[in-house]
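What follows is the residue order along each chain.
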Amino acid sequence: LGANIGTTVTGLLASLVSTGTNALQVALCHLFFNITGIIIWYPIPFMRKFPLNAARQLGKATRIWRGFPILYIIVVFFLIPLIFLGLSSLFTQDSKGFTVLGIFIT
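Figured I'd write up the structure that's included with this text. (Residues numbered from 1 in each chain as written. Predicted model: local features only at pLDDT ≥ 70, side-chain atom pairs only at ≥ 80, totals over all residues. Heavy atoms only, no water.)

**Focus on helix H2 (residues 22–41)**
Thinking step 1. With 20 residues, H2 should reach 28 Å at 1.5 Å per residue; the first-to-last C-alpha distance of 29 Å fits that figure.
Thinking step 2. Within the span of H2, buried status applies to Ala27, Leu31 and Asn34. For H2, the angular spread of the buried residues around the axis is 65°, confining them to a single face. Facing away from the buried side of H2 by more than 90 degrees, the exposed set consists of Asn22, Val26, Cys29, Phe32, Phe33 and Ile39.
Thinking step 3. Taken together, the buried residues of H2 touch helix H1 (2–17). (Helix = DSSP H or I, 4+ residues; strand = E, 2+ residues; numbered from the N terminus. Expected span 1.5 Å × (residues − 1). Buried < 20%, exposed > 50% of the residue type's maximum accessible area, 1.4 Å probe, protein only. Arc of directions from axis to C-beta. Contact = heavy atoms within 4.5 Å.)

**Quick notes on the side chain of asparagine 34**
Thinking step 1. By the element assignment, asparagine 34 lies in helix H2.
Thinking step 2. Take asparagine 34: its relative accessible area is 9%, and that puts it in the buried class.
Thinking step 3. Not counting chain neighbours up to four residues away, the residues in contact with asparagine 34 comprise Asn4, Ile5 and Thr8.

**Side note on the packing of H1 against H2**
Thinking step 1. Following both chains from N to C, one finds H1 and H2 inclined at 165°, their axes separated by 8 Å at the closest point. Comparing the axis directions of H1 and H2 gives the class roughly antiparallel. Both H1 and H2 take part in a crossing whose hand is left-handed. Facing H1, whose interface residues are Asn4, Ile5, Thr7, Thr8, Gly11, Leu12, Ser15 and Leu16, H2 presents Ala23, Leu24, Ala27, Leu28, His30, Leu31, Asn34, Ile35 and Ile38.
Thinking step 2. Class assignment for the residues of the contact of H1 with H2 results in 10 nonpolar, seven polar and no charged. (Axes fitted to C-alpha atoms, helices over the stretch in contact; angles between N-to-C directions. Parallel < 35°, antiparallel > 145°, perpendicular 65-115°, else oblique. Left-handed = near helix turned anticlockwise from the far one by under 90°. Nonpolar A, V, L, I, M, F, W, Y, C, P; charged D, E, K, R; others polar.)

Here's what the structure looks like:
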């Protein structure tokens, strides 16, 4: 908890040096994201076990197959965001056909 919030405070301090508001917005989003995570996972004791068990399962999968971390990174950080980006682009195109297709897909 302390390291998580401490990192966001460091980001807030660094954003105050900037003249624009973009750095402050990103730092505040980082802070509120971490605070929300603490509010969701920490107060209820059985909820604390969920991220720990998920980390253990990822560790076991890595022990079984060494290529799992690479596959996990590709899927979580590239494939899933590209799918959501593609779905969101269906709604932002000027063509009505794209919007209708996007509505049917989602």
